[in-house]
Each structure stands twice: as C-alpha cells, then as structure tokens.
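# Working through the structure, step by step
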Amino acid sequence: MNPFLELGIRHEVVNAITELGFEKPSEIQEKAIPVLLTGNDDFVGLAQTGTGKTAAFGLPLLEQLDFSQKHPQALVLCPTRELCLQIAKDLEKYAKYIDNVNVVAVYGGANISDQLRQIRRGVQIVVATPGRMLDIIGRKAIDFSQVNYVVLDEADEMLNMGFQEDINNILSETPDTKKTWLFSATMPTEVRRIAKNYMTDPVEMTVGTKNTGNANIEHNYYLIRAKDKYAAFKRIVDSNPEIFGIVFCRTKIETQEIAEALIKDGYNADSLHGDLSQQQRDKVMKRYRDRSLQLLIATDVAARGIDVNNVTHVINFSLPDEIENYTHRSGRTARAGKTGISISLINLKEQSKIRHLEKVIGKSFERKEVPQGSAVVEKQLLTIVDKVQNVAINEEQINQFLPAIMEGFESLSKEDIVKRFASLEFNRFLEYYKDAPDLNIDARDTGRGDRDFDRGERRERGGSKGFTRLFMNLGSVDEFNRGEILGFICNTTKISGKSIGKIDLKGVYTFFEVQDADVDKVIQGFKGVDFNGRNVRIEVSGEGGSSDRGGRSRSGGGERSGRSRFGGSAGGERRSGGERKERSSGGFRDFSGKRRESKSKY
Ligand code: AMP
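In what follows, the accompanying structure is described. Throughout this description, residue numbers start from 1 for each chain and increase along the sequence as written. Totals for whole chains, interfaces and linings use every residue, but because this is a predicted model, local features are given only for residues with pLDDT of at least 70 and side-chain atom pairs only at 80 or more, for both listing and counting. Computation of side-chain values covers all heavy atoms of the structure but excludes hydrogens and water.

## Thoughts on the overall build of the protein
Starting at the N terminus, helices and strands are each numbered in turn, a helix being any DSSP run of H or I of at least four residues and a strand any DSSP run of E of at least two. A tally of regular secondary structure across the protein gives 25 helices and 22 strands. Note on exposure labels: buried denotes an accessible area under 20% of the residue type's maximum, exposed denotes more than 50%, and partly exposed covers the range between, all computed with a 1.4 Å probe on protein chains only. For the protein, the proportion of its 602 residues judged to be buried stands at 52%. Between two residues, a contact is recorded if the distance between any of their heavy atoms is within 4.5 Å. Of the contacts formed within the protein by residues at least 6 apart in sequence, a portion of 76% connects residues at least 24 apart. Using a 1.4 Å probe, accessible areas were evaluated by the Shrake-Rupley method; residue-level cover was limited to the displayed protein chains. A total accessible area of about 27,700 Å² is found for the protein, and carbon and sulfur atoms account for 48% of it.

As structure tokens, this is what we get:
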C-alpha cells in the first residue's frame, strides 16, 4: 500500500503527489502528518527548507478543510513572495484531483485588485506574506472569523525580516480556537516566544538535530589570504565545471562587485540584493531557475525563501555574522534528498569561527586545499572530453557537411585533430592558469607572514620609504633568480645595486623597488631592451610599493581573467583569445569593499 495512504491521505491527493514523484514521505512528513491529521494540536516543527515541509502541512490541510464551503479556513503565512507563490502552487498541485479547492496567493509587489477579486470569488486557503495580508485585512476585504488553521512557515525568517508585529495583528483576526502550526529552520528565542504566546501545549518535532543543517550537506572550508579570495573562489568554481551555486556575501556592494567581476571573467553570474526592484529580482531568479545563470551572488536577506532544487554548492564568500544565517545559507543546497556542498572561504583569523560553527551545528568541517592551476585545467579538459563523448549527434544535419569537414581534416592525424580541438577550447584557459601560484596557507601561520616578510626584507635593504615599486614583465619563467634579476637590472640601467629595494620575483613578472631618484633612469634604461626576443616592459606599480596588488591588476598574479567556462558556451560573454581583463581596467577591486587603484596603463 502507498505509504501516504497508510498515513491517512486520501486517494485523490496520493494520486496527485505520486505524479509529482513523491513515493514515500520525507522525515518531517512521516512525523508531522499523523499529528496534524488529528486537527487537535498546535504544532512546532523544527525543519530546514527543502525537507518537504510544504506537503507536511499541506496534505493534512487538504484533509481537514471543507471545500464545499467558500470562506477562508486556513491561512499560511510565509516570509517572501517567492515562497508564497511556491506554496500556493504546491497546494494546488496536491489538490489537483479534489474539486472546488481555491487557493489564493497574497503578496506585495503585485496588483492588489487581482488578489481582492480572487478572495471575493471565494477561497478556502490563503497563502500570504504578512505585509500584504495586513493591508487586505485593513481594507476589511477578508473574513478570518472561520479560520481553523494558521500555518507560520519559516517563522524565524519572518521574524528576521521584522514581521513580528504584523504577525501579531494578523493572528488577532483569527479565532482563538484555531490551531497554529509553526515551522522554522532554527529556534531563536523570538520564535520560542511566539510558540509560547500563541500556542497551547504544542506538539514539538525536530527533523535532524536542532540547529543542525541537513545531513546531506558536506561542509568544507578553504584557508586563504584575504587578497587571494577571489582568485581562490574562481579556482574552486573552475574545478567544479558543473556547479550550480549560490554565493553569499555580506553586503550589496560585495554581491555586485563579485557578480561584475565574474561576468567580466566570462561566467554566467548575476547578483540578487535588496536594491533590486521586484521585477529585476524576478528576472534574476527566473534566469537562475532556468539555469541561464550558473552562479547567483546574493545577500542573506535577498536569498531568503529561495527555493531552487538541485543547487550543488553554497559558497560563503564571506562568513555570515549570525550562525543561524549559516544554517539558512547551507540549507539552500541538498534539498529534496539531494546532496550538496557548503563551502566557506576563510582567512586565518576566521578559523575560530569555523570551530564555533562546528560546535553549534554539530558537524565537522573539512579543510580543503585550493586546487592548483594544473589540477583545474585537467578537470576542465576531462569535462570537455566527457562532453564530447556524450554529445548528441544530429546525423541528418551533420551528414551533409561531413564530406567537407573530412576534406578539411584530411591532412591531420587523429591525435592532431584532438590536440587542435582541445587547444581551441583551452589555449586561453591554459594561459590563464600558467604559473598560477599556490593559494593555500598554513593553518598555523600567524597571519602576518607576508607582511612581516615584506617589512623584514625592506628593512634589510634600507626600507621602502623613498623607494618606488616597479613592474617588469620578466620573471622566474625566464629563468631568473633574484640575484640574476638584480644583476640584469643593474647591468642594463647602470644603476647601483644599492638603489634596488625589495625584489618580488613571480612567474611571468617581477616587482622591484628602486630608489625614487633612480626611477626615471631605470625606465629610460630599459627603453627598447629585448630579452629573448621579448620587449622588456617596466612600469610604475601602485602607490607605496607594498603588497602585490599591482601585480594582480596587471598580470593577475597568475590569476588572469581568462575564460574558465563550463561547457564551453559562454556565448556573448566570451572574450577573444588571450585578452586579459586587467588590460581594460585601470583599477581593480579587492572584495573587502575598498576600491584599489592601480596606476598601470597596461
Ligand atoms: P519543501 O521543503 O516543501 O519546499 O520541499 C522541497 C522539495 O522536495 C520540493 O521540490 C518538493 O516537491 C519535494 N518533495 C517534498 N516531499 C517529497 C517526497 N515525499 N518525495 C519526493 N519529493 C518530495
């Protein structure tokens, strides 16, 4: 017998949910449905989004209500328009084979008269966001005097969003005899208080442990320097070619900056934050749902109630301030029994936050290494090989061109053809990751490593005051070590070695400090100089000559903005071969919210 029938759900509904692919009840459904079907109790269910909550309360509601009547009998309150629409749609689907079921979705940002008209026509279930609901109550356009059930869905989110008072006012419109069913992913004191004030002896149920994320979520973190965050993030994305992720930031600006940078770098990404109009928001969400976007960059508030299945990764670009937000964020993946990965990008100082999170959610986090450039490239190449193997071939269409194609390739061996196809797709990619540095740091590092090194070396060489930092387009790949590059500079420009400060030798470029008085001499001295057939280029780096920020802005510190596409169809967002993002931008951003300027004209 169908397990839902055994729970007491009627045939019509079981038929409808079977069509939706529900074979057996989820944990929350199994636990909650028998209790809610009695209709006698208030109820508190501690469950994450994506656990099947909607059916857990929706199916019992369909059993309890009298659909021959046309007045509101159940009210479902939820935090966002998206969730409101989703719940209303889900309830309609479950009720597909029951006659005369009327569900209305009442939410802000849409035409109120349509909603009023639907209410006037007669409804049994109202699904609403608190603000618009109160508006309608204020117009005396709805009668809640015969409401038997109130569901508070994502109660913690509603309180987070400041709906406490609205909820109080709405509940006061409903009869004292009604039953209240509350669902929440977390149980902060405010939610407890609601349960205490509005409910009588509620039956409490927890799916998983309190405050614990879904068991199907793997929690990983990467330890990196703040300045390498974006580069590390891209590597992680690039090493997961099939990623469909939500990236969380703390601020609107951060979401915009990251989305902007990603788009420039050829990714399908966009941002979702509080400054968007409802229409813009819907558009972004539609693109994400349709998978035209592969990465959604969002703030906590904007991402509330996002209900998209098959999200593979949640990435905490910045850790949230509130632990509860971590649970909410990670709960956007591993929905409906799927697995998912929650990634946090942290610096040394944030290690303690990870330990704290582990304690609170009761799960351990695994430290992962940021993949090396070569590993990323290999991963991408293998994905392409996989895609080539599995691509659907339209024999009919391709056959007509086949003779011409064959002729074109006649002189090439199979190996040559393979190499050429791979190069077509990957030259830029290979170039991008060439000399990409290791971005991982030692967990026991004091976090002052780089700076101390910089300072120490500068002190040794006379300090950076009075020095200017210069960029040179030669580096260790040109088989220089520091001493040799010092010699090369001095011999070429005829300045004394004492005039050279810190030398920061990188793969394809070098930064070196020169006493201010000698800067022009060095620049002039290198005019027209070739090295192994390459024109040697010297430029003044960013102000003050500290850190390698200038390097990022011009040659990318090994993290050039090449294409790193998934599936190779970035369409219009692709750049032409080899062009570097940095060339077109006079400045660049770090993602701590500050804008750094580079003087480079490169
Ligand atoms: P919810 O937590 O209600 O938003 O549900 C998350 C997702 O799980 C939705 O896509 C539901 O359609 C799906 N779902 C809910 N219950 C079941 C079930 N018993 N079997 C399979 N899928 C389910």
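Now that the structure is up, let's keep going.
## Remarks on the pattern of salt bridges
What counts as a salt bridge is simple: a side-chain nitrogen of Lys or Arg found within 4 Å of a carboxyl oxygen of Asp or Glu. For the structure shown, the criterion picks out 26 salt bridges. Across the pair Glu 82 and Arg 281 runs a salt bridge, and its minimum N-O distance is 3.1 Å. Pair noted here: Glu 82 is in helix H5 (residues 81–94) and Arg 281 is in helix H13 (residues 278–289), with a separation of 199 residues, a long-range link. In this pair, the class of Glu 82 matches that of Arg 281, namely buried. The network of salt bridges with shared partners includes Lys 53, Asp 153 and Glu 154.

## Here's the deal with the site of the ligand
Near residues are defined by distance, with any heavy atom within 4 Å of the molecule or strand qualifying the residue. Close contacts around the ligand come from 15 residues, with Lys 24, Gln 29, Gly 52, Thr 54 and Asn 309 the closest. Here a nitrogen atom of the ligand and a backbone polar atom of Lys 24 are 2.9 Å apart. A distance of 2.6 Å is found between an oxygen atom of the ligand and a side-chain nitrogen or oxygen belonging to Thr 54. When the free accessible area of the ligand is taken as 490 Å², the share hidden by the protein chains comes to 79%. Per-class residue counts for the shell around the ligand are four nonpolar, eight polar and three charged. A 3.5 Å cut-off defines polar contacts: any pair of N or O atoms within that distance qualifies, except that in protein one atom must be a possible hydrogen donor and the other a possible acceptor, and neighbouring residues in sequence count only when both atoms are side-chain atoms. Three residue categories are used. Nonpolar comprises Ala, Val, Leu, Ile, Met, Phe, Trp, Tyr, Cys and Pro, charged comprises Asp, Glu, Lys and Arg, and polar comprises the others, including Gly.

## Observations concerning the packing of aromatic side chains
Paired rings are identified among Phe, Tyr and Trp, the last through its six-membered ring, by centres lying within 6.5 Å, and are further divided according to the angle between planes into stacked (under 30 degrees), edge-to-face (over 60) and tilted (the rest). Throughout the structure, instances matching the rule amount to 16 aromatic pairs. Aromatic pair Phe 4 and Phe 22: ring centres 6.5 Å apart, planes at 40 degrees, arrangement tilted. Residue Phe 4 is found in helix H1 (residues 3–7), and its partner Phe 22 is found in the loop between helix H2 (11–19) and helix H3 (27–38); the two are separated by 18 residues along the sequence. Accessibility expressed as a relative area gives 24% for Phe 22, which makes it partly exposed. Ring centres of Phe 244 and Tyr 288 lie 4.4 Å apart, and the angle between their planes is 20 degrees; on these two criteria the pair is classed as stacked. Taken together, the residues span a long stretch of sequence, with Phe 244 in the loop between helix H11 (229–238) and strand S9 (245–249) and Tyr 288 in helix H13 at a distance of 44 residues. No difference in accessibility class separates Phe 244 from Tyr 288, as the two residues are buried. Connected via pairs of aromatic rings, a cluster forms that spans Phe 480, Phe 488, Phe 526 and Phe 531. Directly above the aromatic system of Phe 244 lies the positively charged group of Arg 291, at a separation of 3.9 Å from the ring centroid. We call a charge positioned over a ring when the NZ of a Lys or the CZ of an Arg lies within 6 Å of the ring centre and within 35 degrees of the ring normal. Over the ring of Phe 511 we find Arg 469; its NZ or CZ atom is 4.1 Å from the centre of that ring.

## Here's the deal with the environment of Ile 500
When you line up the elements, Ile 500 lands in strand S16 (residues 500–505). For Ile 500 and Cys 490, which are ten residues apart along the polypeptide, the C-alpha to C-alpha distance reads 8.6 Å.

## Here we look at a nonpolar patch on the surface
In this analysis, a patch consists of residues with relative accessible area above 30% that form no salt bridge, clustered at 9 Å for like charges and at 5 Å for the nonpolar side chains Val, Leu, Ile, Met, Phe, Trp and Tyr. Taken together, the side chains of Val 391, Ile 393, Ile 398, Phe 401, Leu 402, Ile 405, Met 406, Phe 409, Phe 421 and Leu 424 make up a nonpolar region of the molecular surface, amounting to roughly 960 Å² of accessible area. Listed by contribution, the elements that provide at least two residues to the nonpolar patch are helix H19 (402–409) and helix H20 (414–433). Here the nonpolar patch gets four residues from one element, more than from any other, and that element is H19. Relative to the helices and strands, Met 406 resides in helix H19. The class of Met 406 is exposed, set by a relative accessible area of 53%.

## Side note on helix H7 (residues 130–138)
Every buried residue of H7 is listed here: Pro 130, Arg 132, Met 133, Ile 136 and Ile 137. Looking straight down H7, one finds its buried side chains confined to an arc of 165 degrees; they lie on one side. Directly beyond the C-terminal end of H7, a positive phi value near 55 degrees is found at Lys 140. This arc corresponds to the set of directions leading from the helix axis out to the C-beta atoms.

## Regarding the environment of Leu 276
Tracing the backbone through its elements, the reader meets Leu 276 in the loop between strand S10 (269–272) and H13. The residues contacting Leu 276, other than those within four sequence positions of it, are Ser 271, Arg 281 and Val 284.

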